[in-house]
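In case you want the letters, here they are:
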Amino acid sequence: MINKAFSFCLTLALLCISVLANAQQQNTEKGPINEFFRSNDKIYVIVGVLVIIFIGIVLFLIRLDRKIGKLEEKERNNP
Amino acid sequence: MAKHWWKALAILLLLYVIIAGFTVEIPIIGTNGQSSRGLFFHVPMWICMYTMFTISIVYSLFFLSKYDLKKDVIAAAAAGVGSFFGVMGFATGSLWATYTWGGTLTDDPKQMCTALAILIYLAYLVLRLSIHDLDKRARISAVYNIFAYALLIPLTYIIPRMVDSLHPGSATTPGFASKDTSGSMKQVLYPAFIGWTLLSVWIFSLVVRYKKLQLKNIFK
């Protein structure tokens, strides 16, 4: 059941990527957030990239931590 | 939740290090340009490696004093995580050297000696895999680990400080003494040391907990 849901989500995400690739155009939107990311030769874009990668790794570690914790719990209840 | 506070501290410190590491004002010196920011990410890899290898030798000594196999498993886990951070440090340093020293693998003594030290620890991991008898493996690898650590410190810390090196802190270049590093960099560097070290301890604790579940016959 979980596998089906997962593969459905993955297919949907991959489809979304192809749609996004087709809809590519120059982002010229104004606003304080866009101005901030374009300032200082767009260095904040890469700061954002690294923050995203780091948050991804941390979420992975937290999930792993919880999974191992659950296994330990199971082990404690029926050794 | 009470026992997880240090993981949250590691995440917060590292988020600060990533954001401040790219945005803080740094002095532009020589051919380094903006690449001096690598200090916040390259040097902590080595701090993590030293922390893990120190944990590893301490547990090897514990093992040799009581012959308790649990200690040997923990020493091996620490050596594995330490080698990983060592390889990361070497890779980041090689990339950095390509664009500042004019070569990926230079004749810099610290780089060469560190490559040797990492190879010595990789040999430790291979040695463990080559012995099937648990007690024999634990004893031989614990003794080897002591020799490996006894080489690690001279190779990566003492020799590079005695001879000319491109790294800071050698015979002819300034080190990280109180006057040599700009204050703005220290504000990021020290949190980076703490944050990355906590992250490496977190990864190490996950490996140990996994090993405890996997090797139930030893951890009873």
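The name that an unreviewed UniProt entry assigns to chain B is Cytochrome c biogenesis protein CcsA, with the source organism given as Chitinophaga eiseniae. In the Subcellular location (unreviewed entry) part of its UniProt record, chain B is described as follows: "Membrane".

If you look chain A up in an unreviewed UniProt entry, it shows as CcmD family protein from Chitinophaga eiseniae.

Trainee: Any chance you could explain the layout of surface pockets here in plain terms?
Mentor: One simple way to see leftover space: roll a probe sized like a water molecule over the atoms. Estimated volume of the second largest pocket: approximately 790 Å³. Of all elements in the fold, only helix H2 (32-77) of chain A together with helix H1 (5-23), helix H2 (39-66), helix H3 (69-100) and helix H6 (183-214) of chain B reach the threshold of two or more residues within the lining of the second largest pocket. Of the residues belonging to the lining of the second largest pocket, the class tally is 18 nonpolar, eight polar and one charged.

Trainee: What is the right way to look at the UniProt feature "transmembrane region" (unreviewed entry) in chain B in this model?
Mentor: Residue and element names in this part refer to chain B. According to UniProt, the feature "transmembrane region" (unreviewed entry) maps to residues 39-62, 74-97, 109-130, 142-159 and 188-210 in the numbering used here. Helix makes up 100% of residues 74-97 and strand 0%, and the two end C-alpha atoms of the span are 34 Å apart. Across residues 188-210 one finds 100% helix and 0% strand; the C-alpha atoms that close the span lie 33 Å apart.

Trainee: Please clarify how the confidence of the model for chain B should be interpreted in this entry.
Mentor: Looking at chain B as a whole, its pLDDT mean stands at 90, while 95% of the residues score no less than 70. Across the interfaces of the predicted complex, the ipTM metric reaches 0.73, alongside a pTM of 0.84.

Trainee: Before we go on, may I ask you to explain the interface of chain B and chain A in this structure?
Mentor: Between chain B and chain A, the contact holds 16 residues from the first and 17 residues from the second. With both chains or domains summed, chain B and chain A bury close to 1,600 Å², and 82% of this area falls on carbon and sulfur atoms. Considering only the surface of chain B that becomes buried against chain A, B:Phe22, B:Arg209 and B:Leu213 emerge as the three largest contributors, covering 34% of it. Applying the counting rule to chain B against chain A returns four salt bridges. Residue B:Lys7 pairs with A:Asp65 through a salt bridge whose shortest N-O separation is 2.7 Å. Connecting chain B to chain A are five residue pairs in polar contact (both at pLDDT 80 or more). Looking at the side of chain B that touches chain A, the elements with two or more residues in it are H1 and H6 of chain B. Among the residues making up the side of chain B that touches chain A, the classes are represented as 12 nonpolar, one polar and three charged.

Trainee: Quick question: what am I supposed to make of the nonpolar core here?
Mentor: In terms of nonpolar packing, the biggest core is built from 53 residues, with B:Phe40, B:Leu152, B:Trp196, B:Trp202 and B:Phe204 touching the most fellow members. Of all the secondary-structure elements, those providing two or more residues to this core are H2 of chain A together with H1, H2, H3, helix H4 (109-130), helix H5 (134-162) and H6 of chain B. With 12 residues, H6(B) is the largest single contributor of residues to this core. Setting aside residues no more than four positions away along its own chain, B:Phe40 makes contact with B:Val17, B:Gly21, B:Val24, B:Met185, B:Val188, B:Leu189, B:Ala192 and B:Trp196. Listed in part, the seven residues of the second largest apolar core include B:Phe63, B:Leu69, B:Ala142 and B:Ile218.

Trainee: What exactly am I supposed to notice about the UniProt feature "domain: Cytochrome c assembly protein" (unreviewed entry) in chain B here?
Mentor: Under the present numbering, the feature "domain: Cytochrome c assembly protein" (unreviewed entry) in UniProt falls on residues 13-162 of chain B. Segment residues 13-162 of chain B splits into 81% helix and 0% strand. End C-alpha atoms: 34 Å apart.

Trainee: Sorry if this is basic, but what is going on with the environment of A:Lys74 here?
Mentor: All names here are of chain A. Along the chain, the position of Lys74 falls in helix H2. According to the relative accessible area criterion, Lys74 is exposed, its value standing at 56%. Here the alpha-carbon distance between Lys74 and Leu64, two residues 10 residues apart in the chain, equals 15 Å.

Trainee: Hey, could you run me through the environment of B:Ser141 in this one?
Mentor: Residue and element names in this part refer to chain B. Along the chain, Ser141 falls in helix H5. For the pair Ser141 and Ile26, spaced 115 residues apart in sequence, the C-alpha separation works out to 44 Å. Residues in contact with Ser141, not counting those within four places in the same chain, are Asp72, Tyr124, Leu127 and Arg128. Only 3.4 Å separates the side chain of Ser141 from the backbone oxygen of Ala138, close enough to count as a polar contact.

What counts and what doesn't
- Residues numbered from 1 in each chain as written.
- Chains lettered and ligands numbered in written order.
- Predicted model: local features only at pLDDT ≥ 70, side-chain atom pairs only at ≥ 80, totals over all residues.
- Heavy atoms only, no water.
- UniProt positions renumbered as here; feature names shortened; annotations may be inferred.
- 1 Å grid on protein atoms, 1.4 Å probe; cavity = no way out; pocket = protein on both sides within 12 Å on 5 of 7 lines; lining within 4 Å.
- Points joined across faces, edges and corners; volume = space filled by probe spheres on them.
- Helix = DSSP H or I, 4+ residues; strand = E, 2+ residues; numbered from the N terminus.
- Nonpolar A, V, L, I, M, F, W, Y, C, P; charged D, E, K, R; others polar.
- pLDDT = per-residue confidence, 0-100.
- Contact = heavy atoms within 4.5 Å.
- Buried area = accessible area lost by both parts, 1.4 Å probe.
- Salt bridge = Lys/Arg side-chain N within 4 Å of Asp/Glu carboxyl O.
- Polar contact = N/O pair within 3.5 Å; in protein donor to acceptor, adjacent residues only side chain to side chain.
- Core = buried A, V, L, I, M, F, W, Y, C linked by side-chain atoms within 4.5 Å.
- Buried < 20%, exposed > 50% of the residue type's maximum accessible area, 1.4 Å probe, protein only.

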